[in-house]
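The lines below spell out each chain.
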Amino acid sequence: MRKLTNNRNIMQKNVATTTRTVDGMPLKTMLTSLTTFTAPLLSRALTTIVIFTLLSMLALSFTACTKQNRGEADFTQYVNPFIGTAFTGHTFPGATYPLGMMQPGPETGNFSWEYCSGYFYDDERINGFSQNRLNGTGCVDLGDLLLQPFSGAVRDDLSSTFDKATEKAIPGYYAVELTDNKVAVEITTSPHVAFHRYTFTDASNEASNVLADFQSGLVWQEEGLYTHVLDNEVHFEGDRVITGHTRRTQWVERTYYFVIEFDKPILSSEKLVQRDPREKAPRYILTFDMQGDKTLQVKVAMSTTGIDGAKVNLAAEVPGWNFGAVHTAAKDAWNRCLSRVVVEGTDDQKTNVYTSLYHLYIQPNNIADVDGRYVGPSREISRSSTGNYYSTLSQWDTFRAALPMYTILSPEIISDLINSMVDYSEQQGHLPIWALMGQETFTMIGNHSIPMIVDAYLKGFEGFDAERAYNAIKRSITESGHYKTDWETYDCYGYYPYDLIKLESVSRTLECGFDDYAAALMAEKLGKTDDHAFFMKRAGYYKNLFDPETRSMRPKGSKGEWLTPFDPYELAHADSQIGGHYTEGNALQYTWHVLHDIPGLVEQMGGKEEAGKTLDYLFNTTSETPGKLADVTGLIGQYAHGNEPSHHVAYLYTYLDRPEETQRLVRRIFTDFYQNKPDGLIGNDDCGQMSAWYLFSAMGFYPVNPVGGEMVLGAPQLPKVTIDVGNGKRFTIEAKNLSEANLHVEKIELNGQPHDKMFITYEEIMNGGTLLFYMTDKR
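Note that the structure is a prediction, hence the values are computed from the model and not measured.

About the cut-offs
- Residues numbered from 1 in each chain as written.
- Predicted model: local features only at pLDDT ≥ 70, side-chain atom pairs only at ≥ 80, totals over all residues.
- Heavy atoms only, no water.
- Helix = DSSP H or I, 4+ residues; strand = E, 2+ residues; numbered from the N terminus.
- Buried < 20%, exposed > 50% of the residue type's maximum accessible area, 1.4 Å probe, protein only.
- Contact = heavy atoms within 4.5 Å.
- Areas by Shrake-Rupley, 256 points an atom, 1.4 Å probe, with all protein chains shown as cover.
- Pairing = 2+ DSSP bridges.
- Phe/Tyr/Trp six-rings, centres within 6.5 Å; stacked < 30°, edge-to-face > 60°.
- Disulfide = S-S within 2.5 Å.
- pLDDT = per-residue confidence, 0-100.
- Axes fitted to C-alpha atoms, helices over the stretch in contact; angles between N-to-C directions.
- Parallel < 35°, antiparallel > 145°, perpendicular 65-115°, else oblique.
- Left-handed = near helix turned anticlockwise from the far one by under 90°.
- Nonpolar A, V, L, I, M, F, W, Y, C, P; charged D, E, K, R; others polar.
- Core = buried A, V, L, I, M, F, W, Y, C linked by side-chain atoms within 4.5 Å.
- Salt bridge = Lys/Arg side-chain N within 4 Å of Asp/Glu carboxyl O.
- Expected span 1.5 Å × (residues − 1).

Considering the overall build of the chain
Thinking step 1. In terms of regular secondary structure, the chain is built from 21 helices and 37 strands.
Thinking step 2. Along the first, second and third principal axes, the C-alpha set of the chain runs to 80 × 60 × 50 Å.
Thinking step 3. A burial count over the chain gives 65% of its 779 residues as buried.
Thinking step 4. Sequence separation of 24 or more characterises 69% of the internal contacts of the chain that already satisfy a separation of 6 or more.
Thinking step 5. Of the roughly 27,100 Å² of accessible surface on the chain, 47% is carried by carbon and sulfur atoms.

See the structure below:
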């Protein structure tokens, strides 16, 4: 131990004069206690890794939201994590850390689309508390490692009713009282470690127990609960520590490693009888020696790399048992994120804004260990050169507004996001389509990592190799390497024929065309003339599917014939029994999905007046849609705000010289579809994309074309918004005379000068200044 002790003493001398902390604990205190704390958990080599990791955390800290909270205000008071936990929002109220790997919280249900996050506000029972979940998705996974505390004898059903009045959720903290189980539960988290605190109300008279269910996980159907675990190991390391791993399959196949540590000794562990012979993981009833105390604390650390990785994460982030310090650190991290935007408005408006920001920063998730190691699509251990490796990007959703919002509010994470995508591509063979915990889901269409990379490149972000990134882009949209690529057919016909591509042929053509456009812009800036011409040609393929007779994007066959009969109202969804030629939508909605060339689309329709008639029809038609889709919600006519393909469409009136219609529609969407209540979101939050729409629209602009930094002006919905854009600069949006009646814009000034353009640029925002809207009730 001498060599380790000497190294530790040297390090203490080096940091003795600083008061820097890691997750609320002074670093000096943390280093002093490491050797004693880690003895039962870590080898000498791993302990050394932990110490050096802590020192590196001084320099790296946490890469998201590193700016100081302005004025030390508590912005978390305006966050309501229960927004979106009813209807189809699919959010959850559990504890989170910005961009962290863990999201521990309550699980009230399973086995269906309604339980993508494992929680529904109206439920009356809690099944237990799992360690991670997805925010606002339409697919099911995670919900790993369920713990359920209870008092007294073992029952067949250990779920519990709970007192709704005791349920509390704020960023980084969740609490509830389990009525049947006689336990008060509190949960907080660091990036890699969930921290539970259970207070047993009658610990002196009844046994204090925890169900540790290693078979549990969120699944689509009940049958999957018994089959989703492919392999599992559980080890009891003494009477306070459990370690192991689980390999499971649901949305993706993946392996997670865990360390569970208790602050009280386990008196006994009873392995429960399997519910089904196909189960591969055990369930234990753990009974504790409470030592005259009522409170049991539990820490759960996770890793993609191994048990040692989970141990390093635990020792680095939460070495002690100070629940309050970990809670405070999570709250402070959230305040650093939320304080990027300061708004004036009603309490409900502030709640909607800061809850939207909260949802925006729950993901993407850094799945790298504290030492930068992670497991990606190669399923081997890799090391990130930056220390971070982001997954859960939900590209089909978030390329539209979430990524552009990150470039404004958190430019410090952008290069790491791009490097994560490019690193992923070199293992997977293509850029991520929809990656979860480092693995490809192949969910949705197109490859919208491409516009995200190009948007960052055109905005001048550095910190990644542009040539390497471009090579990944080109490979992803020219080499047919997986079942959702068929570039030979795409280039042969100039579209995807519906008789050859049986599902989503129209939507795939349109969305691939946008990726091509983005690739063309990057090729042009890199001086790749031939590639620029090739991809720009492809970007015009949308014209091959526009039918002048129906004024819609219509399926076309390999012989050039239009699909007949054709119903533009008919909904399509590749992952349902409906099938069809569109993606979670219909022809009326997808006709406007030419994000990169709205003027060209308008020309195809016969000019602004004729295009306006078609757009009016979309918003005003009262015809019923054949079939129903859970994803198609928030209807105004056939405009569907509950799903992403419609998100830009209200802003298209501005291109038609009718900005007053955009202003009117934005107000209606803002008011009707975003409300401060559990069912206040009109559709899946989709990893922050629904929230990003709200944030941009509240500020008065939106990135219709989310590549390159032009944002179309609408109408601000708050009296004043101030954005911290870095380097000591602020960008302020002010709406003079804004009221319920004054929803239209009379004139706009930028930095005191008239601003007659229909858009504002990223550069103008990041330079700081003031955008002033004069509001009126006149159209």
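Description of the pairing of strand β10 (residues 183–189)
Thinking step 1. Counting buried positions over the 7 residues of β10 gives 6, a clear majority of the element.
Thinking step 2. Of the pairings in the sheet, the one linking strand β9 (residues 173–178) to β10 comprises 6 bridges and is antiparallel in character. Within β10, the position partnered with Tyr173 by the bridge is Thr188.
Thinking step 3. In this antiparallel pair of consecutive strands, β9 and β10, the connection spans 4 residues, and Lys182 shows a positive phi of 55°.
Thinking step 4. Taken together, the 7 bridges between β10 and strand β11 (residues 193–200) define a ladder with antiparallel strand orientation. Counted as the bridge partner of Ile187 is His196 from β11.

Section: the packing of aromatic side chains
Thinking step 1. Applying the stated rule across the entire model yields 35 aromatic pairs.
Thinking step 2. Aromatic pair Phe236 and Tyr284: ring centres 5.1 Å apart, planes at 80°, arrangement edge-to-face. Placement of the pair is Phe236 in strand β13 (residues 229–237) and Tyr284 in strand β17 (residues 283–288), with a sequence separation of 48 residues.
Thinking step 3. Residue Phe236 is classed as partly exposed on the basis of its relative accessible area, which comes to 33%.
Thinking step 4. The interplanar angle of 25° and the centroid separation of 5.0 Å between the aromatic rings of Phe619 and Tyr639 together place this pair among those described as stacked. Placement of Phe619 in helix α18 (residues 608–620) and of Tyr639 in strand β29 (residues 639–640) is noted, with a sequence separation of 20 residues between them.

Considerations on the state of the cysteines
Put plainly, two cysteines are in a disulfide when a covalent bond ties their sulfur atoms together.
Thinking step 1. Summed over all chains, the structure comprises 0 disulfides.
Thinking step 2. Among the cysteines around Cys116, which has no disulfide bond, Cys139 carries the closest sulfur, lying 6.5 Å off.
Thinking step 3. Overall, the relative accessible area of 0% leaves Cys116 in the buried class.
Thinking step 4. Free of any disulfide, Cys687 has its nearest neighbouring cysteine sulfur in Cys139, separated by 10 Å.

A look at the confidence of the model for the chain
Thinking step 1. Here the chain averages 92 in pLDDT, while 90% of its residues score no lower than 70.
Thinking step 2. Contacts of residues 1–39 to residues separated by more than four positions or lying in other chains number 61 contacts, the stretch itself having pLDDT below 50.
Thinking step 3. Under a pLDDT of 50 for its full length, residues 55–62 has, in the predicted model, 15 contacts with residues more than four places off or in other chains.

A few points about the packing of helix α11 (residues 449–458) against helix α12 (residues 466–476)
Thinking step 1. Relative to each other, α11 and α12 sit at 155°, their axes nearing to 10 Å. The angle between α11 and α12 places the two elements in the roughly antiparallel class. The interaxial crossing formed by α11 with α12 has left-handed handedness. The segment α11 lies against α12, with Ile450, Ile453, Val454 and Tyr457 engaging Ala466, Ala469 and Ile473.
Thinking step 2. Here the contact of α11 with α12 is composed, by residue class, of 7 nonpolar, no polar and no charged.

Topic: the sheet that holds strand β31 (residues 710–713)
Thinking step 1. One open sheet accounts for 3 strands, arranged β30-β31-β36; its pairing is antiparallel. The open sheet is flanked by β30 (701–702) and β36 (759–761), the only strands paired with a single partner.

Here we look at the nonpolar core
Thinking step 1. In this structure, Phe214, Tyr361, Phe619, Phe701, Phe731 and Leu771 are the most contacted members of the largest nonpolar core, which totals 199 residues.
Thinking step 2. With 11 residues, the top contributor of residues to this core is helix α14 (residues 505–525).
Thinking step 3. Excluding its chain neighbours within four sequence positions, the residues that come into contact with Phe619 are Ile636, Gly637, Tyr639, Val649, Ala650, Tyr653 and Leu665.
Thinking step 4. Core analysis: the second largest hydrophobic core is formed by 13 residues, Ile170, Val259, Ala310 and Val318 among them.

Points about the packing of helix α9 (residues 402–409) against helix α20 (residues 689–699)
Thinking step 1. Two elements in contact, α9 and α20, have axes separated by 9 Å at closest approach and are oriented at 60°. Between α9 and α20, the interaxial angle falls into the category oblique. Read as a crossing pair, α9 and α20 show a hand that is left-handed. Between α9 and α20, the contacting residues are Ala402, Pro404, Met405 and Ile408 on the first element and Gln689, Ala692, Leu695, Phe696 and Met699 on the second.
Thinking step 2. The residue makeup of the contact of α9 with α20, split by class, is 8 nonpolar, 1 polar and no charged.

Focus: the sheet that holds strand β33 (residues 729–736)
Thinking step 1. Read across the sheet, 6 strands follow the order β19-β32-β33-β37-β34-β35 without closing on themselves; strand pairing throughout is mixed. Pairing within the sheet leaves two strands with one partner each, and these edge strands are β19 (341–344) and β35 (753–754).
Thinking step 2. The sheet contact formed by strand β34 (residues 744–750) and β35 spans 2 bridges and is antiparallel. Following the sheet pairing, Glu749 is matched in β35 by Pro754.

Here we look at α9
Thinking step 1. In terms of residue burial, α9 counts as a mostly covered element, since 8 of its 8 residues are buried.
Thinking step 2. Along α9, the residues classified as buried are Ala402, Leu403, Pro404, Met405, Tyr406, Thr407, Ile408 and Leu409.

A few points about the pattern of salt bridges
Thinking step 1. Applying the stated criterion across every chain yields a total of 38 salt bridges.
Thinking step 2. The salt bridge involving Arg248 is made with Asp144; its shortest N-O contact spans 3.0 Å. Linking Arg248 in strand β14 (residues 241–249) with Asp144 in the loop between β5 (128–130) and β6 (146–151), this pair joins segments that are 104 residues apart in sequence.
Thinking step 3. Between Arg658 and Asp616 there is a salt bridge whose closest N-O contact spans 3.0 Å. On the criterion of sequence distance, the pair formed by Arg658 in the loop between β29 and α19 (659–672) and Asp616 in helix α18 is long-range, its members being 42 residues apart.

Comments concerning α14
Thinking step 1. Between the first and last C-alpha of α14 there are 31 Å, a value that for 21 residues agrees with the 30 Å anticipated at 1.5 Å per step.
Thinking step 2. Extensive coverage of α14 is indicated by the burial of 19 of its 21 residues.

Quick look at unusual backbone geometry
Note: most residues except glycine have negative phi, and most peptide bonds are trans.
Thinking step 1. In this structure, Pro364 follows Gln363 across a cis peptide bond, with omega equal to 0°.
Thinking step 2. At the junction of Thr564 and Pro565, the peptide bond is cis and its omega measures out at -5° in the coordinates.
Thinking step 3. Among the secondary structure elements, Pro565 is positioned in the loop between β27 (552–553) and α16 (587–590).
Thinking step 4. Even without a glycine there, the phi angle at Leu99 is positive, about 60°.
Thinking step 5. Within the secondary structure, Leu99 is located in the loop between α3 (44–60) and β3 (105–107).
Thinking step 6. Located in the positive-phi region is Cys687, a residue other than glycine, with phi close to 55°.
Thinking step 7. With respect to the secondary-structure elements, Cys687 resides in the loop between α19 and α20.
Thinking step 8. Among the residues examined, Cys687 registers a relative accessible area of 1% and is labelled buried.

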